[in-house]
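Each chain, written out:
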Amino acid sequence: MPAPVSSRLYTTAEIRAIEQAVLSRPNPPPLMERAGLTVAEFAHARLLDERRTSVLVLVGPGNNGGDALVAARHLKAWWYRVDVVFTGDPERLPREAAQALERWRAAGGQLLDQIPSGRRWDLVIDGLFGLGLTRDVEGRHRALIEWANASQLPVLAIDIPSGLDSDTGRVRGVALRAAATVTFMALKPGLLTLDGPDHCGEITVDDLGLAPEDFPPQSVFLMERDRVLAAWRPRPRNSHKGLFGSVGILGGAPTMVGAALLAGRSALKLGAGRVYVGLLARDGPACDPGQPELMLRPPEALFHLEHLSCLAVGPGMGLSPDAYQWLKAALETRLPLVLDADALNLLAEFPRLRETLAARGNAVLTPHPAEAARLLQTSTPQVQSDRLAVARHLAELFRSAVVLKGVGSVCALPDGTRHLNPTGNPGMASAGMGDVLTGMIAAFIAQGLSAEQALLLAVYLHGAGADRCVEQGRGPVGLTAGETADAARELLNRWVDLQSATRPRIDTKIHE
């Protein structure tokens with residue numbers, strides 16, 4: 001079944017291949033005309049009214065500029081005042097863009113070399129650069145983008161805000177900050193990760209009238225609730241805690257016990273039947289007063305539990321020789337593993353541990369960008385420059401599922417597919433959020449989901465829980481990891497409706 005338009009997600013190379021295939025037909029559809037009309041209609045319906053009638057259109061040297069010229073022509077025909085600043089060379093325009101320029105001129109439109117002084121506008125339409133920008137924006141184009149950003153006018157970006165890398169979300173020197181972006185055929189990764197969400201505003205996708213068969217299979221997917229929840233099964237009425245698995249949490253060195261407890265609490269709240277926390281702090285608490293259901297043990301006790309379903313290693317574990325030995329022991333088991341925090345830092349420091357992980361696979365890794373950089377012996381900026389590629393490399397290297405955390409978290413699976421998460425907010429930049437995610441993943445594995453299924457559901461639900469907290473006024477400022485776990489539990493129960501899904505209906509009739 002083809003994916004809904006809103007969830008299609010393709011790289012720049014894939015979009016260009018689709019476009020080339022469509023335009024190579026004997027009677028190709030007028031894609032540029034459709035795109036420009038869509039932009040004009042969006043501006044007319046959403047951003048302009050009888051009090052806002054003046055539009056400045058920034059037109060670049062390629063097909064993105066051609067889309068902008070078509071939009072300008074329609075807006076002019078609808079009696080808006082339209083000024084067009086053109087930065088290209090009419091003699092070097094692509095064929096379709098050259099035709100759009102001819103039609104603009106035939107409609108009485110003019111071209112300006114620079115933004116005129118003394119005028120005011122109600123809207124800026126950005127048609128400077130489209131997909132596949134491979135160099136930093138400089139000179140005249142940089143000045144136009146900086147002017148638009150400083151103008152405080154609403155900006156409507158065509159396909160992608162100019163200056164933003166469509167595959168990575170990286171700002172190429174400077175990028176336009178749009179109030180809205182109308183993108184064509186499908187979503188692009190750069191709209192959803194790294195700097196993309198801060199520059200795109202509201203995103204609208206238009207498929208330009210293409211048929212489902214025009215879209216090839218995807219290698220990058222947008223995570224959606226129904227998809228990540230598909231593997232979940234309602235609980236039977238005849239249930240007991242043994243049906244929902246046992247999670248072990250290994251971590252909690254001195255001064256960092258809270259990290260392990262947060263992971264354990266979230267594992268309980270997201271449905272694990274039993275949770276054991278193996279604390280490296282020998283003088284740690286015997287009980288968690290805030291969650292007495294947790295069973296606190298010395299680390300060695302976890303390796304004698306024959307019914308353990310999953311082992312999460314790393315929250316607050318530290319980098320001591322003891323921590324090294326316990327991670328080594330965990331890697332030598334056959335248990336599914338969730339590796340976070342100091343487990344990742346130990347892997348980065350010791351090649352032998354990395355070799356053991358690569359040989360065994362069957363793990364979930366949850367690095368933030370700095371941890372990913374350590375694992376790959378590179379820099380954090382280098383990781384952030386291409387998050388999708390880095391996540392895929394880690395998944396291939398360790399034969400494991402990986403989430404590269406951050407805005408637009410990237411989940412990469414060993415089969416090469418990648419999944420972009422749209423949930424979450426800046427409130428998640430607080431202590432303990434990663435520990436909560438680790439516990440959630442472990443809980444879902446314990447309840448029978450595969451490592452890949454557990455990762456996708458947990459990442460999506462984790463962000464959705466944080467979004468729920470913000471909706472209720474508990475963030476983003478001051479949002480805590482524990483609140484996020486509570487909200488995630490609430491959402492999961494709402495989504496799957498556990499009780500009503502399995503309760504038999506009983507009708508009683510009384511005859512007199």
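Since the structure is predicted, the reported quantities are computational estimates derived from the model, not experimental observations.

Describing the overall build of the protein
Scanning the protein from N- to C-terminus turns up 19 helices and 16 strands. With respect to the three principal axes, the spread of C-alpha positions in the protein is 80 × 80 × 45 Å. When each of the 512 residues of the protein is scored for burial, the buried share is 54%. Restricting the contact set of the protein to residue pairs at least 6 apart, pairs at least 24 apart contribute 71%. Carbon and sulfur atoms make up 50% of the accessible area of the protein, which amounts to about 22400 Å² in all. With 52 positive and 55 negative side-chain charges, the protein shows a separation of 2 Å between the mean positions of the two kinds.

A word on the nonpolar core
Inside soluble globular proteins, nonpolar side chains tend to come together where they are buried. Formed by 96 residues in total, the largest nonpolar core has its most connected members in Leu156, Leu327 and Leu339. A per-element tally of this core places helix α2 (residues 31-47) first, with eight residues. Setting aside its immediate chain neighbours within four residues, Leu339 contacts Val313, Leu327, Leu331, Leu344, Leu347, Leu357, Ala363, Val364, Leu365 and Thr366.

Points about the side chain of Asn421
Mapping Asn421 onto the fold places it in the loop between β16 (418-420) and α16 (433-446). A distance of 3.0 Å separates polar atoms of two side chains, one belonging to Asn421 and the other to Thr423.

A closer look at the state of the cysteines
For the structure on display, the rule yields zero disulfides. Left without a disulfide partner, Cys411 is nearest to the cysteine sulfur of Cys310, which lies 16 Å away.

Digging into unusual backbone geometry
With an omega of 10 degrees, the peptide bond between Gly475 and Pro476 qualifies as cis. Along the chain, the position of Pro476 falls in the loop between α17 (451-471) and α18 (481-496). Of note in this structure, Thr255 is not a glycine but carries a positive phi near 75 degrees. One can find Thr255 in the loop between β8 (246-251) and α8 (257-269).

A few points about the side chain of Asp340
As for its placement among the helices and strands, Asp340 is situated in the loop between β12 (337-339) and α11 (342-349). The class for Asp340 is buried, based on a relative accessible area of 2%.

What about the sheet that holds strand β5 (residues 180-184)?
In spatial order, the strands read β2-β1-β3-β4-β5-β6; together these six strands make up an open sheet with parallel pairing. At either margin of the open sheet sits one strand with a lone partner, and together these are β2 (81-86) and β6 (202-206). Between one strand and the next, the sheet's axes are offset by a mean angle of 20 degrees, whatever the strand orientation. Of the pairings in the sheet, the one linking strand β3 (residues 123-127) to strand β4 (residues 155-158) comprises three bridges and is parallel in character. Counted as the bridge partner of Val124 is Val155 from β4. This element, α2, spans β3, β4, β5 and β6 of the sheet and lies at about 155 degrees to β5.

About the criteria used
Residues numbered from 1 in each chain as written. Predicted model: local features only at pLDDT ≥ 70, side-chain atom pairs only at ≥ 80, totals over all residues. Heavy atoms only, no water. Helix = DSSP H or I, 4+ residues; strand = E, 2+ residues; numbered from the N terminus. Buried < 20%, exposed > 50% of the residue type's maximum accessible area, 1.4 Å probe, protein only. Contact = heavy atoms within 4.5 Å. Areas by Shrake-Rupley, 256 points an atom, 1.4 Å probe, with all protein chains shown as cover. Lys, Arg positive; Asp, Glu negative; His and termini not counted. Charge placed at Lys NZ, Arg CZ, Asp CG, Glu CD. Core = buried A, V, L, I, M, F, W, Y, C linked by side-chain atoms within 4.5 Å. Polar contact = N/O pair within 3.5 Å; in protein donor to acceptor, adjacent residues only side chain to side chain. Disulfide = S-S within 2.5 Å. Pairing = 2+ DSSP bridges. Axes fitted to C-alpha atoms, helices over the stretch in contact; angles between N-to-C directions.

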